[in-house]
Amino acid sequence: MPMIEIHMLEGRSDAIKRSLLDAVHRAVLETLDVTPDKIRIWLQEMKPTEYMVAGRLASERDSGDIPRKS
C-alpha cells in the first residue's frame, strides 16, 4: 500500500491542492500498478514561520515560490 506524504507552505488554494493530489494519485496508479483503494496521500501545510532553509525562515525569504496570504 503506497503512502505518500507531501509537506509544503500554506497559502495555496483548495483547487491547487486538489490538482496536486490528483496528479500524484495518477502517477502512483500508472507507476506502481496498484488499485486506487490502496493509495494513501496526505498533505501537511506549514506556516512560513515554521520552516527554515539555510538558516532563514520561509517568512523572511523574498521568493515568488512561497505563497503569501493577504
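Residues numbered from 1 in each chain as written. Predicted model: local features only at pLDDT ≥ 70, side-chain atom pairs only at ≥ 80, totals over all residues. Heavy atoms only, no water.

Draft legend 1. Quick peek at helix α1 (residues 14-32). Taking 1.5 Å per residue as the helical rise, α1 with its 19 residues ought to reach 27 Å, and the 27 Å between its terminal C-alpha atoms agrees with that figure. Looking at α1, one finds that the buried residues are Lys-17, Val-24 and Val-28. Seen from one end, α1 has its buried residues packed into an arc of 35°, which puts them on one side. Exposed and facing more than 90 degrees away from the buried side of α1 are Ala-15, Arg-18 and Glu-30. Those residues of α1 hidden inside the fold are in contact with β1 (3-9) and β2 (40-46). (Helix = DSSP H or I, 4+ residues; strand = E, 2+ residues; numbered from the N terminus. Expected span 1.5 Å × (residues − 1). Buried < 20%, exposed > 50% of the residue type's maximum accessible area, 1.4 Å probe, protein only. Arc of directions from axis to C-beta. Contact = heavy atoms within 4.5 Å.)

Draft legend 2. Summary view of the pairing of β2. Across seven bridges, the pairing between β1 and β2 is parallel. Its bridge partner being in β2, Met-3 is matched across the sheet by Arg-40. Between β1 and its parallel partner β2, the chain crosses via α1, and the hand of that crossover is right-handed. (Pairing = 2+ DSSP bridges. Right-handed = clockwise from strand over helix to strand, strands pointing away.)

Draft legend 3. Summary view of the nonpolar core. Core analysis: the largest hydrophobic core is formed by five residues, namely Ile-4, Ile-6, Val-24, Val-28 and Ile-39. Elements with a contribution of two residues or more to this core: β1 and α1. In contact with Val-28, not counting residues within four places along its chain, are Pro-2, Ile-4, Asp-33, Val-34 and Ile-39. (Core = buried A, V, L, I, M, F, W, Y, C linked by side-chain atoms within 4.5 Å.)

Draft legend 4. Examining unusual backbone geometry more closely. The backbone of Asp-33 sits at a positive phi, close to 50°, despite the residue not being glycine. By the secondary structure assignment, Asp-33 is in the loop between α1 and β2. With a phi close to 55°, Ala-54 is a non-glycine residue in the positive phi region. If you trace the backbone, Ala-54 turns up in the loop between β3 (52-53) and β4 (56-57). For Ala-54, a relative accessible area of 80% gives the class exposed.

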